[in-house]
Amino acid sequence: MDLSLLLIALVLGIVEGLTEFLPISSTGHLIILGDLLGYNDDASKVFKIVIQLAAILAVCWDYRERLLKVVVDLPREPGARRFVGLLIVGFLPAAVLGLMFHSIIKGVLFNPITVATALIIGGLIILYVEKRSYHPRVTSVDGLGWGDALKVGFAQALAMIPGTSRSGATIIGGMIFGLSRKTAAEFSFFLAIPTMFAATAYDLYKNWSLLHAADLPVFAVGFVASFVAAMWAIKGFIRFISNHTFIAFAWYRIAFGIVVLATWKLGMVDWSTP
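Attention in this report is confined to the structure presented alongside it. (Residues numbered from 1 in each chain as written. Predicted model: local features only at pLDDT ≥ 70, side-chain atom pairs only at ≥ 80, totals over all residues. Heavy atoms only, no water.)

**Thoughts on the environment of proline 93**
Phase 1 of the analysis: On the secondary structure map, proline 93 appears in helix 5 (residues 78–108).
Phase 2 of the analysis: Taking the C-alpha atoms as reference points, proline 93 and phenylalanine 154, 61 residues apart in sequence, are found 5.5 Å from one another. (Helix = DSSP H or I, 4+ residues; strand = E, 2+ residues; numbered from the N terminus.)

Quick look at the structure:
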């Protein structure tokens, strides 16, 4: 096995785990780094699906007590059924729109230039939202209404554009719709579970023929790296937003996007383009 390929898998796995639940776009980072490292062949498509699955399993593990309680209480507790209903409502917009536009988006928008542009636009939106007066009316996930879940679901659907960030769209969208930072972040994590499982299953179905036994060591390294990094990122992110705004993430997005566009425009890096 090529050691350089294992190192690439380690780096990309760590990046996926660290960025999946931060408002900076994990997909965007994987597209840009994969292009930069030359890992953008057919095998890389399945690899990115595998490490995304690892990240969502990290969420399931971190919130295992809450999720297990919901499963146990589902037959008899209205609160548990309501929680699952909120997730279904929030999941539907991305599910419907994803089935409609998945192939077009994958074929046209999955390139570093689109990602860089989306990173910058998203960063500017975060700065705008953070400068507004902020008076949350929903301070816990249990306090969400059906309309709140649906609106956050439509915000999540915007993340089909690579570079937007699923967590960024749901968290910032949630804040716009009146959710507290922590509530928006936690609902984003929970909403990620059905959304990412569905997306992973669909992508695996579409790319099943690209799976090869020879790639298993690379996938295993990326999977473990992503799981561990995501576990660390989730806990750190919740602590961070308890006392900080998202302005640092906004400036990071803008700076990263500008660097990619500048190196492309100046011919310093031969980024793949539409």
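**Focus: the packing of aromatic side chains**
Phase 1 of the analysis: Evaluated as defined, the whole model comprises 12 aromatic pairs.
Phase 2 of the analysis: With a centroid separation of 5.2 Å and an interplanar angle of 90°, the aromatic rings of phenylalanine 83 and phenylalanine 190 are classed as edge-to-face. Taken together, the positions of phenylalanine 83 in helix 5 and phenylalanine 190 in helix 9 (residues 181–206) put the pair 107 residues apart, joining distant regions of the chain. The residues phenylalanine 83 and phenylalanine 190 share a single accessibility class, namely buried.
Phase 3 of the analysis: Clustering of aromatic rings is evident, with ring pairs tying together Phe21, Tyr63, Phe83, Phe189, Phe190, Phe237, Phe240, Phe246 and Phe249.
Phase 4 of the analysis: Here the guanidinium or amino end of arginine 64 rests over the ring plane of tryptophan 61, the centre of that ring lying 4.0 Å away.
Phase 5 of the analysis: Here the basic side chain of lysine 265 rests over the ring of tryptophan 264, its NZ or CZ set 5.7 Å away from the ring centre. (Phe/Tyr/Trp six-rings, centres within 6.5 Å; stacked < 30°, edge-to-face > 60°. Buried < 20%, exposed > 50% of the residue type's maximum accessible area, 1.4 Å probe, protein only. Lys NZ or Arg CZ within 6 Å of the ring centre and 35° of its normal.)

**Some points on the packing of helix 7 (residues 146–157) against helix 9**
The relative placement of two packed helices is expressed as an angle between their axes plus a distance between the axes.
Phase 1 of the analysis: For the pair helix 7 and helix 9, interaxial distance at closest approach is 12 Å and the crossing angle is 65°. Comparing their axes, helix 9 and helix 7 come out roughly perpendicular. Classified by chirality, the crossing of helix 9 by helix 7 is right-handed. Contacts from Ala149, Val152 and Gln156 in helix 7 reach Phe187, Leu191 and Thr195 in helix 9. (Axes fitted to C-alpha atoms, helices over the stretch in contact; angles between N-to-C directions. Parallel < 35°, antiparallel > 145°, perpendicular 65-115°, else oblique. Left-handed = near helix turned anticlockwise from the far one by under 90°. Contact = heavy atoms within 4.5 Å.)

**Remarks on the nonpolar core**
Phase 1 of the analysis: Ranked by size, the top nonpolar core spans 45 residues in total, and within it Phe21, Val59, Phe187, Phe189, Phe237 and Phe246 carry the most contacts.
Phase 2 of the analysis: Broken down by secondary-structure element, the contributors of at least two residues to this core are helix 3 (42–62), helix 5, helix 6 (112–131), helix 7, helix 8 (166–176), helix 9, helix 10 (216–241) and helix 11 (247–265).
Phase 3 of the analysis: For this core, the element with the highest residue contribution is helix 9, accounting for 9 residues.
Phase 4 of the analysis: Setting aside residues up to four positions removed in sequence, valine 59 forms contacts with Phe21, Phe189, Ile193 and Ile234.
Phase 5 of the analysis: Membership of the second largest hydrophobic core comes to 15 residues, among which are Ala43, Val50, Leu210 and Phe219. (Core = buried A, V, L, I, M, F, W, Y, C linked by side-chain atoms within 4.5 Å.)

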